[in-house]
Every structure is written in C-alpha cells, then in structure tokens.
Amino acid sequence: MVPSSFPYSQATWSAVIGADRAYYERVQEVTGTRGAAVAFPGYGAGQRFQLRGNQMRIGRRSAARGLTPEIDLSGPPADPGISRLHAVLIAVPAGHWAVLDPGSANGTLVNGAEIAIGEQVRLEDGDRMNLGAWTAITVHRDDHLADYRVGR
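Calculation notes
- Residues numbered from 1 in each chain as written.
- Predicted model: local features only at pLDDT ≥ 70, side-chain atom pairs only at ≥ 80, totals over all residues.
- Heavy atoms only, no water.
- Helix = DSSP H or I, 4+ residues; strand = E, 2+ residues; numbered from the N terminus.
- Buried < 20%, exposed > 50% of the residue type's maximum accessible area, 1.4 Å probe, protein only.
- Contact = heavy atoms within 4.5 Å.
- Areas by Shrake-Rupley, 256 points an atom, 1.4 Å probe, with all protein chains shown as cover.
- Core = buried A, V, L, I, M, F, W, Y, C linked by side-chain atoms within 4.5 Å.
- Arc of directions from axis to C-beta.
- Polar contact = N/O pair within 3.5 Å; in protein donor to acceptor, adjacent residues only side chain to side chain.
- Salt bridge = Lys/Arg side-chain N within 4 Å of Asp/Glu carboxyl O.

Here the focus is the overall build of the protein. A tally of regular secondary structure across the protein gives one helix and 11 strands. The helix and strand sequence of the protein, counted from the amino end, reads β-α-β-β-β-β-β-β-β-β-β-β. Relative to its 152 residues, the protein shows a buried fraction of 39%. For the protein, long-range pairs separated by at least 24 residues make up 55% of all intrachain contacts whose partners lie at least 6 apart in sequence. Element-wise, carbon and sulfur atoms account for 50% of the exposed surface of the protein, whose accessible area totals about 8800 Å².

Structural data, given as structure tokens:
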C-alpha cells in the first residue's frame, strides 16, 4: 500500500454544459412576460470542458471588450441570460475547484441555491450550477492513479 502522503494521485475535473428545462421553467415563472421572448433551445449545448490552470472564466466572448472566456457560452444555442463575464471557476487546495460570481446580471446557483456576488463556493463532484435562462453546468472529478511501480 502506498502511504497517503505519497503524491501518487492526480485529479482532473471537467465541466459539462447543457440545457436544463426545469430551471428554465422556474426562471420563466419569475420573469413572467419579460421572459416570454426567451425560448428554450431545441437542443442542448452538450459541451465538455476540461478544467485547467488556476482559473477558468465562464461567459460570452466580446471582441469589443477583449474578453475571451475559457468556457465560452456564446452559443449556439446562445443563452441570453449569460453575462459576458458570468462566473469564474477557481482552483483551490486539495485538488478542488470553487465558483465565484463576480457580479453577473442574473446570478449563479449551485445545487439550487443562489450564491452571493463575490462569494467563493467550493464544488464537489456532481455539483450543478445554473445560470442564465436555461444553462446548467455540472462539474465532474475524475481521479487517476499515476503509473506507480515498485523499483521504478
């Protein structure tokens, strides 16, 4: 058995983007006629991003503002409720990630609870973020054992 202090494992994380009909319907109830012009997309985005580096910005690219988020939700389908810089995923100790909403127009939810602007919330495997009018982002942790052989 390898001692727990031995650096034999590494965690990789990914973010899976999709469209969440139940969340969309809750948003529609709140926005009423203001949200009536926003239709649920006929298909989900279905994108997967590997989380890398110290942070990954979530939003919509803007050439005018020189903003190119690492997780670009410009579409299609384009969720009109996504801010140009909507949220930031931040690498935190012990191989985890956290999310922070820097002040998006429509807020960010983690597992159904809205997070406060500027609050950093640690994420666990399977946590789900909702943002915009229908966007859902689920984070997944995939642990791998490094190639470890005695005498190597």
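Let us now look at the nonpolar core. Ile71, Leu89, Val99 and Met129 are the most contacted members of the largest nonpolar core, which has 22 residues in total. Elements with a minimum of two residues in this core: strand E1 (9-19), strand E2 (47-51), strand E3 (55-59), strand E5 (85-92), strand E6 (96-100), strand E9 (120-123), strand E10 (128-131) and strand E11 (135-145). Here Met129 is in contact with Leu89, Val99, Leu109, Val110, Leu123, Thr135, Ala136, Ile137 and Val139, once residues within four sequence places are set aside. Counting residues in hydrophobic clusters, the runner-up holds five residues, among them Val88, Val92, Ala98 and Leu100.

Spacing of three or four residues puts side chains on the same side of an α-helix, whose turn is 3.6 residues. Along helix H1 (residues 21-31), the positions that sit buried rather than exposed are Tyr23, Tyr24, Val27 and Gln28. One face of H1 carries all of its buried residues, which in axial projection span an arc of 140°. The exposed residues of H1 that point more than 90 degrees off its buried face are Glu29 and Val30. With a side-chain oxygen positioned 3.1 Å from the backbone nitrogen of Ala22, the residue opening H1 is Asp20. Where H1 ends, the next residue or the one after it, Gly32, has phi of about 60°, a positive value.

All right, on to the pattern of salt bridges then. Counting across every chain of the model gives four salt bridges. For Asp20, the salt bridge is made with Arg128, and the minimal N-O distance between the two is 3.2 Å. Of this pair, Asp20 sits in the loop between E1 and H1 while Arg128 sits in strand E10; the two residues are 108 residues apart in sequence, bridging distant segments of the chain. With relative accessibility at 11%, the residue Asp20 sits in the buried group. For the salt bridge of Arg57 with Glu70, the shortest nitrogen-to-oxygen distance reads 3.0 Å. On the criterion of sequence distance, the pair formed by Arg57 in strand E3 and Glu70 in the loop between E3 and strand E4 (71-72) is long-range, its members being 13 residues apart. What makes Arg57 partly exposed here is its relative accessible area of 22%. Given the relative accessible area of 36%, Glu70 is considered partly exposed.

All right, on to the side chain of His96 then. Along the chain, His96 falls in strand E6. The class of His96 is buried, set by a relative accessible area of 9%. In this view, His96 contacts Trp13, Ile90, Ala91, Arg122, Leu123, Glu124 and Arg141; residues no more than four positions away in its chain are not counted.

The phi dihedral of Ala94 falls on the positive side, at around 65°, and the residue is not glycine. Positionally, Ala94 belongs in the loop between E5 and E6. One non-glycine residue, Asn111, lies in the positive phi region at around 50°. Take Asn111: it is sitting in the loop between strand E7 (108-110) and strand E8 (113-114). The exposure class assigned to Asn111 is partly exposed, which follows from its relative accessible area of 49%.

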